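Spelled out from the first residue to the last, the chains are:
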Amino acid sequence: MRSGSNPQKKTKKLHLTIQHRVVVVTYIPKLQGYYANSLEVLKMCLDSLIKANDNTYKITVVNNGSCKAVFELLHSYAHQDIDTIIHHRTNIGKIDAVIGAARGSREDYITLSDSDILFTIGWNRATMQVFKAFKNVGSVSPIPFRHGLYYGTSSTLGKILFRKVKYYYKPIPENYEEHNKYLTSINWNNEKDNNINWPFIESNSVKAIVGSGHQVLTLKRGILFETVPFNPSLTLVGGDSEYRYIDEPIDKAGLMRLGTYNNYAYHMGNEVEEWMYEKLENEIGLNADYNYGDSLFNFRKTNENDSKVYKLKKYLLKKAFKIFYR
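In this report, the structure presented in the accompanying data block is examined.

## Things to note about the layout of surface pockets
Sizing a probe to match a water molecule and rolling it over the atoms shows the empty space that remains.
Moving on, step 1. Roughly 980 Å³ of volume is contained in the largest pocket.
Moving on, step 2. Lining of the largest pocket is provided by 38 residues; of these, Tyr34, Lys94, Asp114, Asp116 and His267 occupy positions nearest its centre.
Moving on, step 3. Broken down by secondary-structure element, the contributors of at least two residues to the lining of the largest pocket are strand S1 (20–26), helix H1 (38–51), helix H3 (94–103), strand S4 (109–114), helix H6 (176–185), helix H8 (241–252) and helix H9 (274–282).
Moving on, step 4. Of the residues belonging to the lining of the largest pocket, the class tally is 16 nonpolar, 15 polar and seven charged.

## Some details on the packing of H8 against helix H10 (residues 307–324)
Moving on, step 1. Remark: H8 packs on H10, axes separated minimally by 12 Å, with the N-to-C direction vectors making an angle of 70 degrees. Classed by the angle they form, the pair H8 and H10 counts as roughly perpendicular. Within the contact between the two elements, H8 uses Tyr243, Glu248, Asp251 and Lys252 and H10 uses Ser307, Tyr310 and Lys314.
Moving on, step 2. Split by residue class, the contact of H8 with H10 holds two nonpolar, one polar and four charged.

## A closer look at the packing of aromatic side chains
Each pair of aromatic rings is reported with the distance of its centres and the angle of its planes.
Moving on, step 1. Per the stated rule, a full pass over the model turns up eleven aromatic pairs.
Moving on, step 2. Relative to Tyr35, the ring of Tyr27 has its centre 6.2 Å away and its plane inclined at 85 degrees; by these criteria the two rings are edge-to-face.
Moving on, step 3. Seen in terms of ring centroids, Phe200 and Tyr261 are 5.3 Å apart; in terms of plane orientation they differ by 75 degrees. Their pairing is edge-to-face. In this pair, Phe200 sits in strand S8 (residues 197–203) while Tyr261 sits in the loop between strand S11 (256–260) and strand S12 (265–267), placing the two residues 61 residues apart along the sequence.
Moving on, step 4. Overall, the relative accessible area of 3% leaves Phe200 in the buried class.
Moving on, step 5. Taken together, the aromatic side chains of Tyr27, Tyr34 and Tyr35 make up a single cluster linked through ring pairs.
Moving on, step 6. The side chain of Arg103 reaches across the aromatic face of Phe230, ending 4.5 Å from its centre.
Moving on, step 7. Sitting over the face of the ring of Trp275, Lys181 holds its NZ or CZ atom 5.1 Å from the ring centroid.

## Points about the sheet that holds strand S3 (residues 84–88)
Moving on, step 1. In spatial order, the strands read S3-S2-S1-S4-S10-S6-S11-S9-S8-S7; together these ten strands make up an open sheet with mixed pairing. The open sheet is flanked by S3 and strand S7 (166–171), the only strands paired with a single partner. Strand-to-strand twist across the sheet, computed as the mean angle between neighbouring axes with direction ignored, equals 30 degrees.
Moving on, step 2. With four bridges connecting them, S8 and strand S9 (residues 206–210) associate as antiparallel partners. The partner of Glu202 across the bridge, within S9, is Lys207.
Moving on, step 3. In the packing of helix H2 (residues 68–77) onto the sheet, contacts are made with S1, strand S2 (58–64) and S3, and the angle to S2 comes to roughly 165 degrees.

Reading guide: rules and limits
Residues numbered from 1 in each chain as written. Predicted model: local features only at pLDDT ≥ 70, side-chain atom pairs only at ≥ 80, totals over all residues. Heavy atoms only, no water. 1 Å grid on protein atoms, 1.4 Å probe; cavity = no way out; pocket = protein on both sides within 12 Å on 5 of 7 lines; lining within 4 Å. Points joined across faces, edges and corners; volume = space filled by probe spheres on them. Helix = DSSP H or I, 4+ residues; strand = E, 2+ residues; numbered from the N terminus. Nonpolar A, V, L, I, M, F, W, Y, C, P; charged D, E, K, R; others polar. Axes fitted to C-alpha atoms, helices over the stretch in contact; angles between N-to-C directions. Parallel < 35°, antiparallel > 145°, perpendicular 65-115°, else oblique. Contact = heavy atoms within 4.5 Å. Phe/Tyr/Trp six-rings, centres within 6.5 Å; stacked < 30°, edge-to-face > 60°. Buried < 20%, exposed > 50% of the residue type's maximum accessible area, 1.4 Å probe, protein only. Lys NZ or Arg CZ within 6 Å of the ring centre and 35° of its normal. Pairing = 2+ DSSP bridges.

Here's what the structure looks like:
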């Protein structure tokens, strides 16, 4: 039987005080071999994310079937710095783990992050400045990537072609060192010229790089329910899963895929290097208030039936862009 009335029924409707959530997914099955240093990398990722928090985002960590050491580490953060911890007993696949947690979030902005990202002070502010400065932005990464011009960016290229944004192709020397760190982390050859050109756009005195990787990026929540497939990926990691569930949906929504003009995060990989400790120690102590601006979004409905139209549009926009912007 029930005695009395549940007092929660008398409470008013909940109101969100934070508009941004960061979702970090980790899978460390053991602490040997490839994963020997992964626990230390995860700790650096979480510590940097916590230290960089200016009280404008909450953190969700998804333990995707990791070993006991990961469970114990995450428990040490519980009820303190991490808002939500999700434990899966077995590995359900990276994409299904991150999309499931992201769809269960209520904030307007969702950052999807690997567990080997080192965040710096100001990453959130710089990311949100791009959303505020440009119309029709779908995602922003705090790691600028010079080679992302044609990856999942047909909607962005279309806006450039039709002069909806100001486009530039110029050197950004201050990005040279950080960009080479990123290239090293993904096993690409380093660049030798710090005056090499970067593709970027500008609006309201804010600049943003065209395109991005997908190790860490912030997207508008509506994309998760408009253009991301609803069927599970059922893929452990890799293949075309990240493209189909993260990269392509941003483009299919008719929104721009961008990166911050300068570097605000680092992809560490599975090895710990001295410079990572130096960055972690130096990036402490900033408290920045920031106005997110308007959070109302309009999304174009997209489904599997229009995939042929999308592919044709993507092909034509890429060809036209190469013709007009040689």
